[in-house]
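Fold and contact review
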Amino acid sequence: MTRPTIIMAAPNGARKVKTDHPAVPVTIAETIATAKECHAAGASILHAHVRDDDGKHLLDAGRYRQLLDGLRQEVPEMLVQITTEAVGVYTPEQQVDLVFALKPDFVSVGFREMIGDNGEAARALAKHFYHQSLAEQINVQHILYDLDDLKRFRVAMADGILPAARPHLLLVLGRYSGNFQSDPAEMKPFIGDGLTDMASWSICAFGHREFDVMTDAIASGGHCRVGFENNLYLKDGSLAPNNAALIRQLAEACQPATREETLSLFAL
């Protein structure tokens with residue numbers, strides 16, 4: 001596996017807390033410290049969530065600015081992608097407002113959240129968001145959870161809701177399985193046609209088979225997002241001591257992309 005592979009660290013997500021694992025970063029200071037460890041282990045980009053004072057998921061431009069400022073100071077070589085995850089709390093309008101208030105370099109957006117009910121108003125908002133993001137040079141990674149998402153996404157591409165620029169995808173395995181456990185075989189229908197109409201694709205996988213999914217993805221031309229957001233276990237089945245351990249075992253199995261290589265693959 002000598003092709004440069006982007007390893008994105010996803011250290012906390014919207015739901016994991018200290019009772020899930022004591023090393024889950026919740027505060028901004030903890031997230032920065034974890035990012036430094038993950039970057040040293042081989043991650044070139046961070047998938048960033050912030051929390052409120054009670055540790056709950058938050059979409060807030062001010063708190064994101066605190067995190068981004070701290071990351072620029074403490075780990076300046078690491079790229080950062082913010083999340084817009086709704087978690088059943090935030091509306092597409094609030095997600096859009098966050099992105100354009102913050103204007104991050106990289107952002108992940110759940111396509112099914114942004115397109116909503118696929119009605120006229122929802123489609124208009126989605127089109128505005130995606131086209132304006134391109135104009136603002138905000139790099140969007142589109143999150144898809146199943147084949148229906150992929151089909152609807154391609155329809156949106158054909159309808160001009162998405163800009164003409166080839167998109168970057170994040171394919172999620174195991175999110176809606178009964179036990180939140182992914183299987184590498186789930187990836188094959190997603191990538192069956194090679195995704196040649198996409199600029200690149202990455203994978204994230206819930207559950208203890210995360211490493212198996214990642215190595216299969218790399219062999220198929222994909223990139224990786226790993227961390228406690230989706231999985232707490234090492235490839236041998238033991239509990240990982242921290243996020244960096246998950247990054248390190250994957251980095252040892254591939255050629256981790258540098259910052260410059262990540263920019264050439266992900267950036268507009």
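**Examining the overall build of the chain**
If you tally the helices and strands in the chain, you get 10 helices and 12 strands. Scaling as 2.2 N^0.38, a compact globule of 268 residues should have a C-alpha radius of gyration of about 18 Å, and the chain matches this with 17 Å. With respect to the principal axes defined by its C-alpha atoms, the chain has extents near 50 × 40 × 40 Å. A buried classification covers 54% of the 268 residues belonging to the chain. Contacts in the chain between residues far apart in sequence, at least 24 positions, make up 73% of those at least 6 positions apart. Looking at the chain as shown, the accessible area adds up to about 11,300 Å², and 51% of this sits on carbon and sulfur atoms. In the chain, 25 side chains carry a positive charge and 34 a negative one; their mean positions are 1 Å apart.

**Re the environment of Gln81**
Take Gln81: it is sitting in strand E6 (residues 79-83). In the structure, Gln81 is positioned 22 residues away from Lys103 in sequence and 11 Å away in space, judged by C-alpha atoms. Apart from residues lying up to four places away in sequence, Gln81 is in contact with Met8, Ile45, Leu46, His47, Ala48, Phe106, Val107, Ser108 and Gln141.

**Section: the pattern of salt bridges**
The full count for this structure, using the stated rule, is 15 salt bridges. Asp69 serves as the salt-bridge partner of Arg72, at 2.6 Å between the closest nitrogen and oxygen. Here Arg72 and its partner Asp69 are both found in helix H2 (residues 61-74), 3 residues apart, which amounts to about one turn of the helix. Residues Glu229 and Arg225 are paired through a salt bridge, measuring 3.4 Å at the closest nitrogen-oxygen approach. In this pair, the class of Glu229 matches that of Arg225, namely buried. Through salt bridges that share partners, Arg112, Asp146, Asp149 and Arg152 make up one connected network.

**Digging into unusual backbone geometry**
With a phi close to 55°, Val87 is a non-glycine residue in the positive phi region. Tracing the backbone through its elements, the reader meets Val87 in the loop between E6 and helix H3 (92-102). Phi is positive for Gln137, which is not a glycine, with a value near 60°. With respect to the helices, strands and loops of the structure, Gln137 is situated in the loop between helix H5 (120-135) and strand E8 (139-144). Overall, Gln137 belongs to the partly exposed group, its relative accessible area being 48%.

**Some thoughts on the side chain of Thr34**
With respect to the helices and strands, the residue Thr34 is situated in helix H1 (residues 28-41). The class for Thr34 is buried, based on a relative accessible area of 9%. In this structure Thr34 touches Pro11, Pro25 and Asn243, once residues within four positions along its chain are discounted.

**Overview of H1**
Its 14 residues give H1 an end-to-end C-alpha distance of 20 Å, which sits within 8% of 20 Å, the value for a rise of 1.5 Å per residue. If you check which residues of H1 are buried, you get Thr31, Ile32, Thr34, Ala35, Cys38 and Ala41. Among the structural elements, strand E2 (7-9), strand E3 (45-48), H2 and helix H9 (243-251) are those in contact with the buried residues of H1.

Calculation criteria
- Residues numbered from 1 in each chain as written.
- Predicted model: local features only at pLDDT ≥ 70, side-chain atom pairs only at ≥ 80, totals over all residues.
- Heavy atoms only, no water.
- Helix = DSSP H or I, 4+ residues; strand = E, 2+ residues; numbered from the N terminus.
- Rg over C-alpha atoms; globule rule 2.2 N^0.38 Å.
- Buried < 20%, exposed > 50% of the residue type's maximum accessible area, 1.4 Å probe, protein only.
- Contact = heavy atoms within 4.5 Å.
- Areas by Shrake-Rupley, 256 points an atom, 1.4 Å probe, with all protein chains shown as cover.
- Lys, Arg positive; Asp, Glu negative; His and termini not counted.
- Charge placed at Lys NZ, Arg CZ, Asp CG, Glu CD.
- Salt bridge = Lys/Arg side-chain N within 4 Å of Asp/Glu carboxyl O.
- Expected span 1.5 Å × (residues − 1).

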